[in-house]
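Chains, contacts and geometry: an overview
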Amino acid sequence: SGNNLQGGTGASAGIYTEFNLTECLFVDNVLESWLVGIYFNQTAAQAAQRCIIANNVCRSNTNQGIHLSRFHRGVISGNMCSGNGRAGLSLSYSSYNNITGNNVSGNSQTTDATYQGIVLDGASGTESIENTVANNVVRHGGGAAQHQYGIHLNTYSISNYVHHNDLRTSGRTA
């Protein structure tokens, strides 16, 4: 925690893991100009459990500010994700998380109205289930390129709780 990590040409991620993690803590980091700021690339056999991703600044990354795959029973809170090429905060195949108090703005800079501020993604058999998405602020950031949606849950995101988010001017599509 407490790192200031700046990427370079072809750099993959400021923080990257693909291993089985339990009760980990990633806080107070600044991750700028990477392919992805924070990237948990877990497999079905090596999921991350009960980890905290909090108070990080993820900005100007080529793809996502934070991308978590197979991340379960965790907390994603107080992060600022801005000016990233794709989604600001993205979870795939992830369940039982609390995604609260994040500030997500000015993402989808690669292609206008294509990527989201916050996205929960899944697939048949690997759904994203019972995540809470609350008290986040999502804005388009005022640039020419904007989020498609402030918050997007795909077809395989089931029984998630989305409430009390500030989505004013959060995306190009209503």
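Residues numbered from 1 in each chain as written. Predicted model: local features only at pLDDT ≥ 70, side-chain atom pairs only at ≥ 80, totals over all residues. Heavy atoms only, no water.

The subject of this paragraph is the overall build of the protein chain. Counting its regular elements, the protein chain contains zero helices and 23 strands. On C-alpha atoms alone, the protein chain measures out to a radius of gyration of 14 Å, which is about the 16 Å that the 2.2 N^0.38 rule sets for 174 residues. Its C-alpha atoms put the protein chain at 40 × 35 × 25 Å along the principal axes. A burial count over the protein chain gives 49% of its 174 residues as buried. Sequence separation of 24 or more characterises 67% of the internal contacts of the protein chain that already satisfy a separation of 6 or more. Entry remark: accessible area of the protein chain is about 7,600 Å², with carbon and sulfur atoms responsible for 47%. The protein chain carries 8 positive and 9 negative side-chain charges, and their two centres are separated by 4 Å. (Helix = DSSP H or I, 4+ residues; strand = E, 2+ residues; numbered from the N terminus. Rg over C-alpha atoms; globule rule 2.2 N^0.38 Å. Buried < 20%, exposed > 50% of the residue type's maximum accessible area, 1.4 Å probe, protein only. Contact = heavy atoms within 4.5 Å. Areas by Shrake-Rupley, 256 points an atom, 1.4 Å probe, with all protein chains shown as cover. Lys, Arg positive; Asp, Glu negative; His and termini not counted. Charge placed at Lys NZ, Arg CZ, Asp CG, Glu CD.)

Here we have six strands laid out as an open sheet, ordered β4-β8-β12-β15-β19-β23, and parallel in their pairing. One side of each edge strand has no neighbouring strand; the edge strands of this open sheet are β4 (25–27) and β23 (161–163). Along the sheet, successive strands turn relative to each other by an average axial angle of 5 degrees, direction set aside. Note that strand β12 (residues 75–77) and strand β15 (residues 98–100) share three bridges and pair parallel. In the strand pairing of β15, S77 is matched with T100. (Pairing = 2+ DSSP bridges. Axes fitted to C-alpha atoms, helices over the stretch in contact; angles between N-to-C directions.)

A separate point is the packing of aromatic side chains. In the structure shown here, the tally under the stated rule is three aromatic pairs. Here Y16 and Y39 contribute two aromatic rings whose centre-to-centre distance is 5.3 Å and whose plane-to-plane angle is 70 degrees, an arrangement assigned as edge-to-face. With Y16 in strand β2 (residues 13–17) and Y39 in strand β6 (residues 36–41), this residue pair connects regions lying 23 residues apart in the sequence. The class of Y16 is partly exposed, set by a relative accessible area of 38%. Owing to a relative accessible area of 23%, Y39 belongs among the partly exposed residues under this scheme. With 5.5 Å between their ring centres and 80 degrees between their planes, F40 and F71 make a pair best called edge-to-face. On the criterion of sequence distance, the pair formed by F40 in strand β6 and F71 in strand β11 (residues 71–72) is long-range, its members being 31 residues apart. Here the two residues F40 and F71 agree in accessibility, since each one is buried. Through pairs of rings, three or more aromatic residues link up here, namely F26, F40 and F71. (Phe/Tyr/Trp six-rings, centres within 6.5 Å; stacked < 30°, edge-to-face > 60°.)

Next up on the list: the pattern of salt bridges. Tallied over the full model, the rule gives three salt bridges. Between R139 and D166 there is a salt bridge; the shortest N-O distance is 2.9 Å. Here D166 lies in the segment after β23 and R139 lies in strand β20 (residues 137–139), a separation of 27 residues in the sequence. R139 sits in the buried class, given a relative accessible area of 19%. Classification of D166 by relative accessible area gives partly exposed; the value is 29%. (Salt bridge = Lys/Arg side-chain N within 4 Å of Asp/Glu carboxyl O.)

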